[in-house]
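Each chain, letter by letter, is given below.
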2 protein chains.
Amino acid sequence: MNNMNLTMLTDFYEITMANGYFQNGWKDKTAYFDMFFRKVPDNGGFAIMAGVEQVIQYLKNLAFDKDDIEYLRSRKQFGEDFLEYLKNFKFNCDVWAVPEGTPIFPNEPVVIVRGPVIEAQFIETMVLLTINHQSLIATKANRIVRAAQGREVMEFGSRRAQGYDGAIYGARAAYIGGCIGTACTIAEKEFAIPAIGTMAHSWIQMFNSELEAFCLYARTYPDNCTLLVDTYNTLKSGVPNAIRAFREEIVPKGFRPKAIRIDSGDITYLSKAARKMLDEAGFQDCRIVASNSLDEFIIRDILSQGAEVDLFGVGERLITSRSEPVFGGVYKLVAVEEEGRLIPKIKLSENVGKVTNPGFKQVYRLYDRVSNKAIADVLTLNDEAIDENRPYEIFDPEYTWKRKTLTGFRAQKLLVPIFEKGKCVYESPSTQQIKEFCRAQVDTIWDEVKRFENPHKYYVDLSKKLWDIKQGLLQDYSVK
Amino acid sequence: MNNMNLTMLTDFYEITMANGYFQNGWKDKTAYFDMFFRKVPDNGGFAIMAGVEQVIQYLKNLAFDKDDIEYLRSRKQFGEDFLEYLKNFKFNCDVWAVPEGTPIFPNEPVVIVRGPVIEAQFIETMVLLTINHQSLIATKANRIVRAAQGREVMEFGSRRAQGYDGAIYGARAAYIGGCIGTACTIAEKEFAIPAIGTMAHSWIQMFNSELEAFCLYARTYPDNCTLLVDTYNTLKSGVPNAIRAFREEIVPKGFRPKAIRIDSGDITYLSKAARKMLDEAGFQDCRIVASNSLDEFIIRDILSQGAEVDLFGVGERLITSRSEPVFGGVYKLVAVEEEGRLIPKIKLSENVGKVTNPGFKQVYRLYDRVSNKAIADVLTLNDEAIDENRPYEIFDPEYTWKRKTLTGFRAQKLLVPIFEKGKCVYESPSTQQIKEFCRAQVDTIWDEVKRFENPHKYYVDLSKKLWDIKQGLLQDYSVK
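Only a predicted model underlies this, so the values are computations on that prediction, with no experimental measurement involved. (Residues numbered from 1 in each chain as written. Chains lettered and ligands numbered in written order. Predicted model: local features only at pLDDT ≥ 70, side-chain atom pairs only at ≥ 80, totals over all residues. Heavy atoms only, no water.)

K.L.:
Residue-level account of the overall build of chain A, with values.
P.N.:
Scanning chain A for helices and strands turns up 17 helices and 21 strands. Each of the three principal axes of chain A carries a C-alpha extent, and together these read 80 × 60 × 40 Å. Relative to all contacts within chain A whose residues are 6 or more apart in sequence, the contacts with residues 24 or more apart total 73%. As displayed, chain A offers around 18,000 Å² of accessible surface, 48% of which is attributable to carbon and sulfur atoms. (Helix = DSSP H or I, 4+ residues; strand = E, 2+ residues; numbered from the N terminus. Contact = heavy atoms within 4.5 Å. Areas by Shrake-Rupley, 256 points an atom, 1.4 Å probe, with all protein chains shown as cover.)

K.L.:
Describe the domain arrangement of chain A, with residues and values.
P.N.:
Domain annotation for chain A reports domain 1 (12–137 + 327–359 + 415–479) and domain 2 (198–292). If you average the C-alpha positions of domain 1 of chain A and of domain 2 of chain A, the two centres end up 49 Å apart. (Domains from an automatic or database assignment.)

K.L.:
Any chance you could break down the UniProt feature "domain: Nicotinate phosphoribosyltransferase C-terminal" (unreviewed entry) in chain A for me, citing the residues and the numbers?
P.N.:
As recorded in UniProt, the sites labelled "domain: Nicotinate phosphoribosyltransferase C-terminal" (unreviewed entry) are residues 361–470 of chain A. Summarising residues 361–470 of chain A: 21% helix, 36% strand, and an end-to-end C-alpha distance of 12 Å. (UniProt positions renumbered as here; feature names shortened; annotations may be inferred.)

K.L.:
Lay out the UniProt feature "domain: Nicotinate phosphoribosyltransferase N-terminal" (unreviewed entry) in chain A in plain terms, naming residues and giving numbers.
P.N.:
What UniProt calls "domain: Nicotinate phosphoribosyltransferase N-terminal" (unreviewed entry) maps, in this numbering, to residues 8–132 of chain A. Taken end to end, residues 8–132 of chain A has its terminal C-alpha atoms 18 Å apart, with 42% of it in helix and 17% in strand.

K.L.:
Describe the pattern of salt bridges, naming the residues involved and giving the relevant values.
P.N.:
One pass over the full model with this rule turns up 74 salt bridges over all chains. Two residues, Glu-80 of chain A and Arg-73 of chain A, come together in a salt bridge whose shortest N-O distance is 2.7 Å. By relative accessible area, Glu-80 of chain A is classed as partly exposed at 46%. A salt bridge links Asp-295 of chain B to Arg-317 of chain B, with the nearest nitrogen and oxygen atoms 3.4 Å apart. Here Asp-295 of chain B is found in the loop between strand E10 (287–290) and helix H13 (296–304), whereas its partner Arg-317 of chain B is found in helix H14 (residues 316–319), with 22 residues between them in sequence. For the pair formed by Asp-295 of chain B and Arg-317 of chain B, the shared burial category is buried. (Salt bridge = Lys/Arg side-chain N within 4 Å of Asp/Glu carboxyl O. Buried < 20%, exposed > 50% of the residue type's maximum accessible area, 1.4 Å probe, protein only.)

K.L.:
Describe unusual backbone geometry, listing the residues and the values that go with them.
P.N.:
A positive phi angle, near 55 degrees, is found at Ala-192 of chain A, a position not held by glycine. Following the sequence through the fold, Ala-192 of chain A ends up in the loop between helix H8 (185–191) and helix H9 (201–206). For Ala-192 of chain A, a relative accessible area of 49% puts it in the partly exposed group. Unusually for a residue other than glycine, Lys-421 of chain B sits at a positive phi of about 45 degrees. Here Lys-421 of chain B shows up in the loop between strand E19 (416–420) and strand E20 (423–424).

K.L.:
Summarise the sheet that holds strand E7 (residues 181–182) of chain B; cite the residues concerned and give the values.
P.N.:
Pairing between the strands of a sheet comes from backbone hydrogen bonds, and it takes one of two forms, parallel or antiparallel. All names here are of chain B. Read from one edge of the open sheet, six strands run E7-E6-E11-E10-E9-E8, paired in parallel fashion. Edge positions in the sheet fall to E7 and strand E8 (226–228), since each of these pairs with one other strand and no more. Of the strand pairs in this sheet, strand E6 (residues 152–155) and strand E11 (residues 311–314) are connected by four bridges, and their pairing is parallel. Bridge pairing in E11 links Glu-152 to Leu-311. (Pairing = 2+ DSSP bridges.)

K.L.:
Kindly report on the relation of the copies chain B and chain A, identifying the contributing residues and their values.
P.N.:
The transform that puts chain B on chain A rotates by 180 degrees and translates by 0.0 Å along the axis, for an RMSD of 0.0 Å. As the rotation angle and translation indicate, the two copies are arranged about a two-fold axis. By residue overlap, the copies meet face to face through one surface: 99% of the interface positions of chain B are interface positions in chain A. (Least-squares fit on C-alpha atoms with pLDDT ≥ 70 in both.)

K.L.:
Describe the sheet that holds strand E19 (residues 416–420) of chain A, with residues and values.
P.N.:
All names here are of chain A. Ordered in space as E13-E12-E1-E5-E3-E19-E20, the seven strands form an open sheet in which the pairing is antiparallel. Single-partner strands in this sheet number two, and they are strand E13 (341–344) and strand E20 (423–424). Taken together, the three bridges between strand E3 (residues 94–97) and E19 define a ladder with antiparallel strand orientation. Paired with Trp-96 across the two strands is Pro-417, which belongs to E19. Along the sheet, helix H2 (residues 52–60) contacts E3, E19 and E20; its crossing angle with E19, the most-contacted strand, is approximately 15 degrees. (Axes fitted to C-alpha atoms, helices over the stretch in contact; angles between N-to-C directions.)

K.L.:
Outline the environment of Ser-202 of chain B, listing residues and values.
P.N.:
Of note, Ser-202 of chain B is situated in helix H9 (residues 201–206). Each C-alpha atom, one on Ser-202 of chain B and one on Glu-420 of chain B, is 53 Å from the other, the two residues being 218 residues apart in sequence. What Ser-202 of chain B contacts, discounting residues up to four positions off in sequence, is Met-17, Tyr-21, Phe-33, Gln-121 and Leu-333 of chain A. Separated by 2.5 Å, the side chains of Ser-202 of chain B and Gln-121 of chain A make a polar contact. (Polar contact = N/O pair within 3.5 Å; in protein donor to acceptor, adjacent residues only side chain to side chain.)

Below, the structure is given as structure tokens:
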């Protein structure tokens with residue numbers, strides 16, 4: 001899977017532009033691109049960065065094979081000199097990225113690419129696709145996991161995913177965001193994400209009675225027995241039959257039942273009643289799993305109503321991020337080099353919020369030294385340093401009279417080198433390490449920023465130097 | 001791409017159940033499964049079937065390789081006899097499906113699988129994932145194309161797709177649904193779907209002026225020149241510069257300009273003003289492309305306001321079906337064979353709408369012979385025939401007093417054989433043929449069913465025989 005050549009998974013305009021630059025003698029002109037996003041999905045306070053590992057795999061495999069060249073030739077739109085260039089194409093750019101699992105905020109670069117313009121431009125589609133998709137799902141998973149308040153959440157959505165990779169990398173992103181596992185088997189095989197699953201309703205239907213179905217399952221898996229109790233009637237049939245199967249098939253063998261699963265009906269009511277029945281039967285340790293079109297809002301609701309659920313299985317609303325299935329990351333030119341000089345570039349827009357931040361940048365996250373909470377992110381010029389030992393004044397880039405002087409902070413660079421001159425220099429953490437890193441990083445976010453409704457807006461400010469450059473460019477263009 | 005082994009892209013419970021059936025000596029017990037869906041996305045009147053070709057590829061490649069077996073062994077949950085069985089696993093089922101491009105309706109089987117229960121059950125996840133995803137996007141594309149009222153629609157969404165296959169097969173499904181092409185290059189290479197694209201804003205930004213950027217592009221592609229006009233100011237800068245570039249670089253070479261593209265701002269206002277400017281410059285034949293978070297509702301609105309758009313580029317709201325990103329197809333056991341006898345199975349639910357239709361079935365679509373419009377779909381027993389030469393009474397399966405006698409109709413079986421005993425017997429049409437078939441089939445749907453708001457509910461009825469069997473099973477279970 002890691003070796004699939006996705007070179008031609010690109011918007012066609014990347015190729016027409018590449019040929020244009022090539023014909024203009026600009027193939028080696030150095031350009032700088034930022035990937036950033038403008039709005040947190042679901043009106044949340046922050047998103048979770050994910051997908052860097054797959055961007056790395058993509059860039060390592062980037063090459064036009066014979067079929068690709070033949071296909072492009074068949075378009076009768078490109079010259080042989082350009083096709084020859086593509087045949088020998090080698091990715092030579094520098095890439096920086098925010099590590100996976102990091103909370104990220106609107107308008108800050110999360111990926112920066114510097115290099116020959118054709119190369120740096122060409123990878124736009126795949127960088128966006130990969131980071132947009134996995135960040136979307138990691139962000140949604142993190143919301144759902146936080147709503148579960150310490151209870152476990154499993155990702156169950158493969159069958160409703162938008163394509164195979166939607167299921168596979170969606171399971172990966174959900175795990176990074178905090179799910180404990182997935183129903184998607186290949187995700188365990190590929191990423192060592194625990195895959196879990198027991199039975200569908202069809203298992204019950206195959207037998208002449210629910211009890212028979214339960215008993216056979218319990219005999220087959222006495223040490224790991226979860227029974228689905230809602231095929232006919234949860235409280236009148238499912239739970240009583242489960243208890244009987246546990247008693248007859250599990251306990252005599254010296255095991256304890258694992259769980260029952262409720263997949264329909266009123267989860268709050270049914271889980272409370274089932275809990276009582278299980279407890280009275282002596283199965284206080286038998287867990288209750290709920291799974292039925294759940295999301296963070298429903299989970300929050302049913303928990304506030306006292307639902308007795310130990311583990312949530314979340315499917316379609318997680319794997320598609322149904323309430324907001326688009327993560328709107330964009331990839332914008334921010335600078336070019338001309339005769340060794342860096343020329344910052346800006347993109348204007350009638351919508352003020354869509355004006356880009358120019359220049360070659362770094363992002364610093366400032367943490368309070370005492371609480372270890374993140375206070376603000378500051379976009380700086382790439383070679384600018386923030387001195388942790390001196391007071392640092394941040395200000396709102398739009399309402400510049402809003403100012404705050406910070407002391408006692410720790411400043412951390414968010415963007416780390418991933419590729420240097422086309423060579424991968426990043427030591428990839430395991431998916432498990434990323435998940436743990438994410439958990440620790442989300443802990444640095446104030447609760448006010450974590451709210452589902454009206455979260456506090458986290459500061460993403462510009463350094464004075466960067467702000468001045470932006471204002472200068474805005475002036476230049478407004479004079480025009 | 002067609003040869004990727006996706007065998008392990010399966011919910012883990014398919015494997016635990018498979019082992020359970022295997023241990024119970026049931027591996028060759030014949031089971032029947034239906035795939036169907038319950039609700040048309042976006043409250044529409046019908047959906048478009050898509051994804052059959054990828055299901056075929058999946059089933060042809062279904063095999064557990066050494067790595068898969070090794071991985072399953074490492075779970076320490078399965079016996080060697082079962083792993084040996086998987087090693088020799090061969091798909092032997094019969095499969096029927098509704099051809100791609102066909103309008104489909106809730107509660108009718110669109111795929112039927114018959115065969116050894118382990119096999120028929122195992123493929124659930126991938127059958128659902130594949131058909132759910134592509135039908136979702138084909139359905140959305142068809143809505144958007146209908147909203148465009150004969151104007152062309154391009155799929156532009158790769159960068160916001162949910163994973164690589166989301167982009168690739170999404171482009172395929174969008175094309176089936178009626179888009180004329182895609183920005184996704186690999187979709188042209190793989191499926192011969194026309195890929196189109198010209199320039200990003202970054203192209204403009206790379207140059208010292210917009211005019212310079214336009215002129216260079218026009219010089220490079222004089223015979224196929226579309227210019228993006230909204231980087232700085234559409235009407236004051238973009239369109240005038242485009243006209244100048246057309247005059248200086250295109251016309252002298254004997255070509256005509258292709259189009260301008262507007263990607264932001266008020267499309268209605270800007271397109272009308274741009275149209276006027278182009279016409280006055282003598283470029284009446286220069287088309288206007290619009291692209292900016294469009295969907296069927298926005299397109300309908302701006303067209304009703306007189307927008308002068310010839311081609312719509314639709315991105316994130318198409319490729320994710322943003323307003324409803326889930327197609328809720330399910331896969332349910334409907335019958336088993338016991339000692340050569342067919343035993344229909346039903347799944348009850350407290351929600352009446354979720355009770356399944358039991359038995360081995362066929363779906364007939366009845367067309368009016370004069371208008372060639374589809375009148376009703378009738379679910380029958382598989383061996384039941386509908387005589388076109390005699391009046392046929394249909395009735396509402398819930399409100400059975402609602403009846404209608406049809407005459408002068410043509411009855412067409414919707415489900416066609418795809419696999420027979422594991423061998424593919426279906427001659428796959430090309431993606432282009434599917435697209436054309438879809439167009440013709442959508443023409444058979446009454447306008448009342450095509451409405452976006454409150455569409456007429458198309459009849460999906462049961463034959464008397466099937467209805468009787470269902471009632472019998474409901475009685476049996478209610479006595480219980």
